[in-house]
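# Results of the structural survey
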Amino acid sequence: MNAPAAKPFVEFDRVQKSYDGETLVVKDLNLQMPKGEFLTMLGPSGSGKTTCLMMLAGFETATHGEIKLDGKPINNIPPHKRGIGMVFQNYALFPHMTVAENLAFPLDVRGEPKSDREARVRMALDMVQMGAFGARRPAQLSGGQRQRVALARALVFEPELVLMDEPLGALDKQLREHMQFEIKHLHERLGITVVYVTHDQTEALTMSDRVAVFNDGRIQQLAPPDELYERPQNSFVAGFIGENNRLEGTVEAIEADKAVVRLKSGEIIDATPVNVTQVGQDTLVSIRPERVEFKPEYFDPGAHTIEAEVLEFIYMGDSFRTRMRVAGHDDFVMKCRNMLGQQRLEPGRKLQISWHPQDARALDPM
Amino acid sequence: MTDAVAAAAPTTRATDGRLTTADGKPLKAALARAQARNKRRAFFLVVPLLLFVVVTFLVPIGQMLSMSVNNSAFYSWKDRDTGDTIPLMVDLRGWFNENEPGTEPDEAAYAALAAGLAHARDIKAIGQIGTRINYEVSGTRSLFTGTSRKAERMEPPYKEAILDADEEWADPEIWAAMRSASKAFTLDFYLAALDRTRDADGNIVKVDEERAVYILLFQRTFVLSALITLMTLILGFPIAHLLATLPLRHSNLLMILVLLPFWTSLLVRTTSWIVLLQSQGVVNDLWVASGLIDDGNRLQMIYNRTGTIIAMTHILLPFMVLPLYSVMRPIDPSYVRAARSLGATSWTAFRRVYLPQTVPGIGAGGLLVFILAVGYYITPALVGGSSGQLISNLIAFHMQKSLNWSLAAALASLLLGAVLLLYWLYDRLVGIDNLKLG
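About the cut-offs
Residues numbered from 1 in each chain as written. Chains lettered and ligands numbered in written order. Predicted model: local features only at pLDDT ≥ 70, side-chain atom pairs only at ≥ 80, totals over all residues. Heavy atoms only, no water. Helix = DSSP H or I, 4+ residues; strand = E, 2+ residues; numbered from the N terminus. Rg over C-alpha atoms; globule rule 2.2 N^0.38 Å. Buried < 20%, exposed > 50% of the residue type's maximum accessible area, 1.4 Å probe, protein only. Contact = heavy atoms within 4.5 Å. Lys, Arg positive; Asp, Glu negative; His and termini not counted. Charge placed at Lys NZ, Arg CZ, Asp CG, Glu CD. Buried area = accessible area lost by both parts, 1.4 Å probe. Salt bridge = Lys/Arg side-chain N within 4 Å of Asp/Glu carboxyl O. Nonpolar A, V, L, I, M, F, W, Y, C, P; charged D, E, K, R; others polar. Domains from an automatic or database assignment. Patch = residues over 30% accessible without salt bridge, like charges linked within 9 Å, V, L, I, M, F, W, Y side chains within 5 Å. Areas by Shrake-Rupley, 256 points an atom, 1.4 Å probe, with all protein chains shown as cover. UniProt positions renumbered as here; feature names shortened; annotations may be inferred. Pairing = 2+ DSSP bridges. Axes fitted to C-alpha atoms, helices over the stretch in contact; angles between N-to-C directions. pLDDT = per-residue confidence, 0-100. Core = buried A, V, L, I, M, F, W, Y, C linked by side-chain atoms within 4.5 Å. Right-handed = clockwise from strand over helix to strand, strands pointing away. Phe/Tyr/Trp six-rings, centres within 6.5 Å; stacked < 30°, edge-to-face > 60°. Parallel < 35°, antiparallel > 145°, perpendicular 65-115°, else oblique. Left-handed = near helix turned anticlockwise from the far one by under 90°. Expected span 1.5 Å × (residues − 1). Arc of directions from axis to C-beta.

## Topic: the overall build of chain B
Each helix and strand counted, chain B has 20 helices and six strands in total. A globule of 438 residues ought to have a C-alpha radius of gyration of about 22 Å, yet chain B, at 32 Å, is considerably larger. Taking the principal axes of its C-alpha atoms as reference, chain B extends roughly 105 × 90 × 40 Å. Split into buried and exposed, the 438 residues of chain B put 38% on the buried side. Excluding contacts between residues fewer than 6 apart, the proportion of contacts in chain B whose partners are at least 24 apart in sequence is 65%. A distance of 20 Å separates the average location of the 39 positive side-chain charges in chain B from that of its 36 negative side-chain charges.

## Quick look at the interface of chain B and chain A
Every contact between the two is made by 17 residues of chain B and, on the other side, 23 residues of chain A. Between chain B and chain A lies a buried interface of about 1,800 Å² when both sides are counted; carbon and sulfur atoms form 64% of it. On the chain B side of the contact with chain A, R337, L342 and R352 of chain B bury the most area, a combined 39% of that side's loss. The tally of links from chain B across to chain A stands at two salt bridges. Close ionic contact of R352 of chain B with D108 of chain A constitutes a salt bridge, the shortest N to O distance being 2.6 Å. For the side of chain B that touches chain A, the secondary structure elements donating two or more residues are α15 (333-341) and α16 (346-357) of chain B. The dominant element in the side of chain B that touches chain A, judged by the number of residues it contributes, is α15 of chain B, at seven residues. Residues of the side of chain B that touches chain A, tallied by class, amount to seven nonpolar, six polar and four charged.

## Focus: the domain arrangement of chain B
Looking at the assigned domains, one finds that chain B contains domain 1 (2-59), domain 2 (72-78 + 85-183) and domain 3 (214-434). Computed over C-alpha atoms only, the centres of domain 1 of chain B and domain 3 of chain B are separated by 46 Å.

## A few points about the side chain of Q180 of chain A
Residues and elements named next belong to chain A. Tracing the chain through its elements places Q180 in helix α5 (residues 173-190). By relative accessible area, Q180 is classed as buried at 5%. Among residues more than four places away in sequence, those in contact with Q180 are L168, E203, T206 and M207.

## Remarks on a negative patch on the surface
A contiguous patch of negative charge, built from D106, E107, E160, D164 and E167 of chain B, is present on the exposed surface. The residue E107 of chain B is located in helix α4 (residues 107-122) in this model.

## Structural notes on the UniProt feature "domain: ABC transmembrane type-1" (unreviewed entry) in chain B
With numbering matched to this structure, UniProt assigns "domain: ABC transmembrane type-1" (unreviewed entry) to residues 218-426 of chain B. Note that residues 218-426 of chain B is 77% helix and 0% strand, and that its end C-alpha atoms are spaced 20 Å apart.

## So, the sheet that holds strand β11 (residues 245-254) of chain A
Residues and elements named next belong to chain A. Spatial ordering of the closed barrel is given by β11-β12-β13-β19-β14, a layout of five strands whose pairing is mixed. Direction aside, neighbouring strands of the sheet carry axes that sit 50° apart on average. Note that β11 and strand β12 (residues 259-263) share five bridges and pair antiparallel. By the bridge assignment, T250 is partnered in β12 with R262.

## Thoughts on the environment of Q400 of chain B
One can find Q400 of chain B in helix α19 (residues 391-400). Residues Q400 of chain B and V207 of chain B, spaced 193 residues apart in sequence, show a C-alpha to C-alpha distance of 23 Å.

## Quick look at the confidence of the model for chain A
Detailed reading of the predicted coordinates is not advisable wherever pLDDT falls low. Residues at a pLDDT of 70 or more form 98% of chain A, whose mean pLDDT is 89. Note on residues 1-5 of chain A: pLDDT is under 50 here. Beyond four places in sequence and across chains, it has 11 contacts.

## Some details on the nonpolar core
F12, M41, L56, F94, L161 and L163 of chain A are the most contacted members of the largest nonpolar core, which totals 100 residues. Per-element accounting of this core gives the leading share, 10 residues, to helix α14 (residues 305-328) of chain B. Sequence-distant contacts of L161 of chain A, that is, excluding residues within four places in its chain, are made with F9, V10, L56, L69, G83, I84, G85, T193 and V195 of chain A. Judged by nonpolar contacts, the second largest core, of 32 residues, contains W77, L92, L143 and I162 of chain B.

## Observations concerning the sheet that holds strand β18 (residues 350-353) of chain A
Residues and elements named next belong to chain A. The sheet built from four strands is open, its strands ordered β17-β16-β15-β18 with antiparallel pairing. Each edge of the open sheet is held by one strand with a lone partner, namely β17 (329-337) and β18. Along the sheet, successive strands turn relative to each other by an average axial angle of 45°, direction set aside.

## Some details on the pairing of strand β8 (residues 193-198) of chain A
All names here are of chain A. Of all six residues in β8, six are buried, a share of seventy percent or more. Taking every second residue as pointing to the same face, both faces of β8 are buried, with T193, V195 and V197 on one and V194, Y196 and T198 on the other. Summarising the sheet, strand β7 (residues 161-165) and β8 pair through five bridges and their orientation is parallel. By the bridge assignment, D165 is partnered in β8 with V197. As for the winding sense of the linkage, the β-α-β connection from β7 through α5 to β8 is right-handed.

## Considerations on the UniProt feature "transmembrane region" (unreviewed entry) in chain B
Listed under "transmembrane region" (unreviewed entry) in the UniProt record, and renumbered for this structure, are residues 42-62, 222-246, 253-276, 309-327, 361-383 and 403-426 of chain B. Split by type, residues 253-276 of chain B is 75% helix and 0% strand. Its first and last C-alpha atoms lie 25 Å apart.

## Looking at the packing of aromatic side chains
The final tally for this structure, using the stated rule, is 17 aromatic pairs over all chains. Summarising the aromatic geometry, the rings of F38 of chain A and Y196 of chain A are spaced 5.6 Å apart at their centres and angled 35° between planes, so their arrangement reads as tilted. Highlighted residues: F38 of chain A in strand β3 (residues 38-42) and Y196 of chain A in strand β8, separated in sequence by 158 residues. For F38 of chain A, a relative accessible area of 0% puts it in the buried group. By relative accessible area, which is 0% here, Y196 of chain A ends up buried. With centroids separated by 5.0 Å and ring planes inclined at 75°, the aromatic side chains of F144 of chain B and W169 of chain B adopt a geometry described as edge-to-face.

## Structural notes on the packing of α14 of chain B against helix α17 (residues 359-374) of chain B
Residues and elements named next belong to chain B. Two elements in contact, α14 and α17, have axes whose closest approach is 8 Å; the angle formed by their N-to-C orientations is 155°. In this view, α14 runs roughly antiparallel relative to α17, as classed from their interaxial angle. Crossing angle aside, the handedness with which α14 passes α17 is right-handed. In this structure, α14 contributes M312, L316, F319, M320, P323, L324 and V327 to the contact, and α17 contributes P360, G361, I362, A364, G365, G366, L368, V369, L372 and A373. Considered class by class, the residues forming the contact of α14 with α17 number 14 nonpolar, three polar and no charged.

## Points about unusual backbone geometry
All names here are of chain B. With an omega of 0°, the peptide bond running from P156 to P157 counts as cis. Structurally, P157 can be placed in the loop between α6 (141-151) and α7 (158-165). One non-glycine residue, M89, lies in positive phi territory at about 50°. In this fold, M89 is placed in the loop between β4 (85-87) and α3 (90-98). Relative accessible area serves as the criterion here: at 2%, M89 is assigned to the buried category.

## Digging into α16 of chain B
When the terminal C-alpha atoms of α16 of chain B are compared, their 16 Å separation across 12 residues agrees well with the 16 Å that a helix rising 1.5 Å per residue should span. Residues of α16 of chain B that are buried include every one of T348, A349, V353, Y354 and Q357 of chain B, and no others. Summarising the axial view, the buried residues of α16 of chain B lie within an arc of 155°, below the 170-degree limit, and thus occupy one face. Where α16 of chain B is buried, its residues touch α2 (99-109) of chain A together with α10 (214-245), α14, α15 and α17 of chain B.

## Focus: the pairing of β17 of chain A
All names here are of chain A. Sheet analysis places strand β16 (residues 319-326) next to β17, joined by seven bridges and oriented antiparallel. Note that in β17 the partner of V326 across the bridge is H329. Hairpin remark: β16 followed by β17, antiparallel, with two residues in the connecting loop; positive phi at A327, about 50°.

As C-alpha cells, then:
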C-alpha cells in the first residue's frame, strides 16, 4: 500500500482551487491513490482538505489541473454520474423519508427493479446492524444510528470510491472510537477505496492506510500512520501529529544519520537530520514525550544528556506526565508508562535526561 | 453507603407509591405550588391582549353570526325614545302559525294584516317592515307604506278593502315573504346567500337566473384566490430560494426589496397598477411603441379580472415569500448534495429531496395568501371593474348600499365557514403543526 500502484485509481494532477480569484485555497495538489486504499486527508480547518473532497465529489470545480478517476478525467462529469458514495458530516439523511426509503433512493434513481431494491436495502441495513430500523424516520434515531444509516446509504449502490467528510465529528468519544473500527472493518471487507477527511489525528492514525497532512493548501506529508508519527518530514507535521517537545538550535556537526545540535541556551544534543544538510543551519528538534528517558541504564551509550528540572507531576492513569524545564523551556514533557515500580518524580528535583538520537529529529525551523 | 444515598435523594416514595418531597408532601402539589406564581404573572401579562382579542375579534364575530339569523324587522320594533321593544304584526304571525304554508289568505288573514299595518304606521315602524319584505320581493316597500296609510280607515271585509287599495296584495309571493319574515330567527338569509329562496308553498327553490349572483361570486372568489395563490407560489419560490442561499450581505438587500411593498400604502400600490396597466398606461404605451400591438388594439388589463389578478398577486407576494424563506433557510445544502452524489439528477434531487422539505412553507404561504385573497376588498374594488369583483365587494354592497345587514352577515359567515373548512382540510392533509410562518 505504501507506494502507489502502477495505475492509480484516483489521481489529482496539479490541481489548484480559488474561490475569489485572489487567494488559492488548494495549491498545486498532486496525489495518487491505488484501488482499495483508505486515505485520510488530515489538517486544521481551512487547510483545503474539504475543498479537495468536494472537487472529487463534483460539487466544486477545480480552477486548474485535472482530477482523474480510474484513468478518466472527471472534471466535466456532473456529480450524479461519477458513481461516488459520500457520507456527510451532518449525515444528510432525508428527513421526510424512512430509513429504508433513504437507502432505496440511490437504487430508485438508478431505475433498479423494486424486488432487487428491497433485497439490497435489507442487506445494506444488516451490514451496519440496523436491520430492525428500516421503518423509522431519521429523527427517531440516535447519532450513532444515523451515522450507520448514512454509511449504509453511501454503500448500498456499491460504489468503488466512498468519500467521508468528518463523518464521526458529531459523535461522543466512545461511540466515535467504536465507529472508527466499524468503518475500518467495512473497508477491509468490501475492498472499497475510501477518502476520509478529518481534523482528528487519532482518527487518521487509527483508520488509514496512508494519511495526507494538509496545511495552507498543500500536502505537507503523505505517508502511512507509523511513518508519519515516527518520522515527520517537517515541523508542521511533527507539531500537528501527536504531542511533541521542540528545542531550537543550530547544527554543530552533521553526518549521514546523526547531527549534533547546539541549543540556544548552550547545551548540546543528538538528533537525526531530516531537513538540515549543513553545519550552521537553524533547526527545530522534535522529540516525542514517550521517547524521553531519565533512567541512566536506558540511555544510549555515548549519547549526550541534558539537565532537566521537574516542575509538575501529573497522574493520568495509564501513564505519568512529568513537565520539566529543559534548556530554558518550561513546557518540556516526559511521559512514562504506569508500570509496577515506576518512579514518581517530585517537583523541584534536578536530573539528567536523554533519548536515542533516532527519536530526536532535526527539522526545518518554523 | 445506603444511608448516604437515602439522605441525598431529594424525593422518597410514600406508602401508596406516589412521589413525595423530602418532608412528605405530594410532589405534584409541591410542583404546582412552585409554578403557580410564575403562571399567574404570565397570565397578567397576556390579559390586555386577551381582552383586546375578545373585544375586537370574538365579539364582532359573534355579532355577525347572530345578525345573519336575525329576522326581527317584521317581528318587533325598538322605540328609539323609550327603548322598549314593541311586537309587530302579532295577529298576522298568529295566522301564519295556524295555517300551513301555501294556504290561500282568508278574511282573517287580511284583517290581521290591516290591523298590523295600521299599528305599524301608528308607531312609525312601517318603513322597517316594508324594507324587510323588499329584500325578498323587490318593489314592495311602497306597497306597504301606501296601503298602511289607508289601513286605519279600512272597514270589513278587509280582503276587499286591501285588494282595493292595491291589487298586488293578492300575489302569493308577498304572502310567502311575509311568512318567512314572521319568525324572530331564520336561516333564510343563508338561503338567499346561496341563491335559494322559498316559493309560495314554502319549498326551497333556486332564484331566477338573472338574480342568482352569490354562488357565481363565491366560485369566482375561490377560483381567483386559488389562481393568485398559485401565481405567488410560482413567482415567490425562486425568490425565496435565492434569498435563502445568497450570502447574507446580498440577501439582506433582496429581503428589503421583497419587504418594500409592506412599507408602501396599499392604496398607492393599487393605484400605481392603474397607472401602469390602463389602456393609455405605461405598459400599453411601451407595447405600442415597440410595435407588439397597434394603437387601435390596446389591451384592456385593468378594471377587469386580469387587473384584479395582477394587482393582488403583487400585493400578496411577500406573504408567500416570507414563510417559504423561513423554511428554506435552515435546509442544509448537503441534502441536495447527498442526493446528487447518490445518483440523482439536479431535477430529481430538487423534486424528491428539496421540494418535500419546503412543504411546510408552501402550505403556510399558500394558506396565508389564499385566506387573505378570499377576503380581499380594496384592490378588486379599485381595479376589478365588474368582472373582477369578489364576494367581499358584495358584502360591502349589502353593508353600505342595500343595508341588508343580515344578508351581508350570512355571506360573511359562509366565507368564514369556508375558511375554517380549509383550515380543517389543511390540518387533515398536511397537519397544522407542520405550518411554519417564520
